[in-house]
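Architecture at a glance
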Amino acid sequence: MRYKSDENNKSKSWLKTGAWIFGIALFLFMGLFFLTIWLENKLERMVAEQSDGVYELQLHGLQLSPFIGNLSLDSLSLVPDYERWQQLNSQNKNASPTLLDLQSSDISLNGLNYLAVLLGRDPQLDELLIENPEMLVTMMRKDTTTQGKPLHASVPNRIKGLQIGQVDLDSGKVSFRDDTDTASTIFSVQQFNLTVDDIKLDSQSFHAQDKAYYAARIVFNAEQAAYFTSDGLYKLTADSVSLNTEKRTLQAKQVVFKPTTDPFTLAQTKGEATSHTNLEIPLFALNGVDYPAHSRKGDFIVKHALIQDPSLYVFKDKKNFSNETRRPLPHEIVQNMQTRFLLDTFELNNGFARYEEIVPKAAERGNISLEDIEVSISNFSNIPAHISMENPAVVQITGMIMGKAPASLTSRLPLLNENGYHTLHVEVEAFDPEILNPMIAPTAFVRVESGKISRGSMDAELTNDKATGTLKLIYSNFEIELLSKGTGGEQSFGKEILSEVVNWVAIKESNSGDDGEQPRVGEIDVTHNEKKSIFSYWTNCIIDGFMSIATIK
């Protein structure tokens, strides 16, 4: 009997224990259920209150696991009220300069330290995962309150010191615009993946030599990226963009830079003769990018840049428009840049360029091309410690003029020289000058009838004011025809007579040195036209030297 009584007591004890466990579990479940509902409503109300009605937050499927520090959402919607923002801004209240519209599906926060948050310590999180985020960032006004401040010094106190082990944004989409008008989009990415490792918003991470943008590593991969210039006249696109701060690389593929309108409208909008430029770059790559220096100081330091197989097409309408804007030399542009930069080396391989223009009284466009272009640039910088008169930037270009005439160019540019001083050395090998007729006949109304150039070289020193130097050109049997303007290359009887006079009297048909005389050397003396580009400046030096040799000027 006693044995049965003991068994009954044990059974009752186990039943009581089970009931207590069940009761506690039910209490915790119900408490967690109501806590989740309360937290969801609390977060939505808090966002509305703290934003003063600018934002509406909607959370769906919130699940909370406080014992292991996990929180998840089925979806999130954060929508700004643009009219409410305008009201606050008109009342001179502290309205945020940017607004974010965020839509996302699954969100997971893992390893959240609730105790640290409750005690007011730096919030810590092991992992943040966001699936399919779609973000629209609108610049409502220029931010003048946080300029010059690092991010950790300008964020709200409640997220200062935020530490996250890893952030993953998968299959995201982002757009940036400077107005609520949908047509004002400046930048967009149709799909991107972002991974950020070991990020912490504090001063120590900001200054850490092995971190960039507060993180140990950032990997960004995007597809179908687009950027519009501020005037909306040009669009830059790339099929793919990849960035890795740990490997210090940046790469873009199938890059296209093109106008958004036709040549006439572009020039009309600009109010002057404007280059209608189309550029395609299959591969653009940067290696040795100093991301830590950029994140701390804004410096842009790159070891090597590569452009592979580019093609460039430029057209300029000088018939209906004239150059009105001053075009400074690279020196002035570099010296006025606020960002300190250094590009150790740059190379361009297998390029192609074609330039077309139409001039007053011309019936058709002139064109010239450069094929098989190879470019190398070294020490391109505006940092005084890296560049000087003794250690200038060096630009070297080789190519085939009209695909037939080998040519090379070397320029040494001390970019911090205030007078724009630089040197230019050009060499050409043997070619038939008639290949230049597609350019000079429609634009200069001169056609080369015969001649042979054996070789040539030019050396010049150039400044903001003028260029001086010499041109050596060995040529023979040179004859030209003067063309009537507006005839598309036809020659009137008067021009025919004048051509004979010019060839007989004005132009020296040869400069070969075969008769025991030293070949003539052309003297270059060119005044810089500030309304023309540096390439026009260089071209004018060659033309002036040739006119001196041919005794035309």
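Residues numbered from 1 in each chain as written. Predicted model: local features only at pLDDT ≥ 70, side-chain atom pairs only at ≥ 80, totals over all residues. Heavy atoms only, no water.

Along its length, the protein carries 11 helices and 24 strands. Taken over 553 residues, the protein has a buried fraction of 37%. Taking the contacts inside the protein whose residues are at least 6 apart along the sequence as the reference set, 64% of them involve residues at least 24 apart. When the accessible surface of the protein is split by element, carbon and sulfur atoms take 54% of a total near 30,900 Å². (Helix = DSSP H or I, 4+ residues; strand = E, 2+ residues; numbered from the N terminus. Buried < 20%, exposed > 50% of the residue type's maximum accessible area, 1.4 Å probe, protein only. Contact = heavy atoms within 4.5 Å. Areas by Shrake-Rupley, 256 points an atom, 1.4 Å probe, with all protein chains shown as cover.)

Scanning all chains against the criterion turns up 16 salt bridges. For arginine 248, the salt bridge goes to aspartate 290, with nearest N and O atoms at 3.8 Å. Placement of arginine 248 in the loop between β12 (234-244) and β13 (249-259) and of aspartate 290 in the loop between β14 (275-287) and α7 (291-297) is noted, with a sequence separation of 42 residues between them. Arginine 248 sits in the partly exposed class, given a relative accessible area of 31%. (Salt bridge = Lys/Arg side-chain N within 4 Å of Asp/Glu carboxyl O.)

On to unusual backbone geometry, then. Excluding glycine, a negative phi dihedral is what most residues carry, and trans is how most peptide bonds are arranged. We note that glutamine 224 has phi near 55 degrees; this positive angle belongs to a residue other than glycine. In the Ramachandran plot, aspartate 309 falls in the positive-phi region, its phi being about 55 degrees despite a non-glycine side chain. In this fold, aspartate 309 is placed in the loop between β15 (300-308) and β16 (311-317).

Here β14 runs beside β15; their pairing, made up of five bridges, is antiparallel. The residue bridging phenylalanine 284 from the neighbouring strand is isoleucine 307, located in β15. In the sheet, β15 pairs with strand β17 (residues 341-358) via eight bridges, with the strands oriented parallel. Bridge pairing links histidine 304 to threonine 345 in β17. (Pairing = 2+ DSSP bridges.)

A few words now on a nonpolar patch on the surface. Among the surface-exposed residues, Phe187, Tyr227 and Leu236 lie close enough to one another that they form a single nonpolar patch of about 240 Å² accessible area. By the element assignment, tyrosine 227 lies in strand β11 (residues 215-228). Note on tyrosine 227: relative accessible area 35%, which makes it partly exposed. (Patch = residues over 30% accessible without salt bridge, like charges linked within 9 Å, V, L, I, M, F, W, Y side chains within 5 Å.)

A complete count under the given rule lists nine aromatic pairs for this structure. In this arrangement the basic side chain of arginine 365 is found over the ring face of phenylalanine 315, its NZ or CZ atom lying 3.5 Å from the centre. (Phe/Tyr/Trp six-rings, centres within 6.5 Å; stacked < 30°, edge-to-face > 60°. Lys NZ or Arg CZ within 6 Å of the ring centre and 35° of its normal.)

Near the N-terminus of helix α2 (residues 82-90), the side chain that reaches the backbone nitrogen of glutamate 83, with its oxygen 3.1 Å away, is that of aspartate 81. Two residues or fewer past α2, asparagine 92 is found with a positive phi of approximately 60 degrees. (Polar contact = N/O pair within 3.5 Å; in protein donor to acceptor, adjacent residues only side chain to side chain.)

In this section: the pairing of strand β7 (residues 124-131). For a regular strand, the rule is simple: side chains alternate between the two faces of the sheet. Across four bridges, the pairing between strand β6 (residues 107-110) and β7 is antiparallel. The residue bridging leucine 109 from the neighbouring strand is leucine 128, located in β7. Of the strand pairs in this sheet, β7 and strand β9 (residues 163-177) are connected by seven bridges, and their pairing is parallel. Note that in β9 the partner of isoleucine 130 across the bridge is leucine 169.

Moving on: the environment of glycine 161. With respect to the helices and strands, glycine 161 occurs in the loop between α4 (151-154) and β9. Glycine 161 sits in the buried class, given a relative accessible area of 5%. For the pair glycine 161 and glutamine 204, spaced 43 residues apart in sequence, the C-alpha separation works out to 9.8 Å. Apart from the residues lying within four places of it in its own chain, the contact partners of glycine 161 are Asp122, Pro123, Lys200 and Leu201.

In this fold, proline 263 is placed in helix α6 (residues 263-270). For proline 263 and serine 275, which are 12 residues apart along the polypeptide, the C-alpha to C-alpha distance reads 8.0 Å. If sequence neighbours within four positions are ignored, proline 263 has contacts with His276 and Phe315.

This brings us to helix α11 (residues 534-549). Taking 1.5 Å as the rise per residue, α11 with 16 residues should run 22 Å; its terminal C-alpha atoms sit 23 Å apart, in good agreement. If you check which residues of α11 are buried, you get Ile534, Tyr537, Trp538, Cys541, Asp544, Gly545, Phe546, Ser548 and Ile549. (Expected span 1.5 Å × (residues − 1).)

If you trace the backbone, leucine 370 turns up in strand β18 (residues 366-381). Each C-alpha atom, one on leucine 370 and one on proline 406, is 9.5 Å from the other, the two residues being 36 residues apart in sequence. In this structure, leucine 370 is in contact with Gly351, Phe352, Ala353, Gly399, Met400 and Ile401, ignoring residues within four places of it in sequence.

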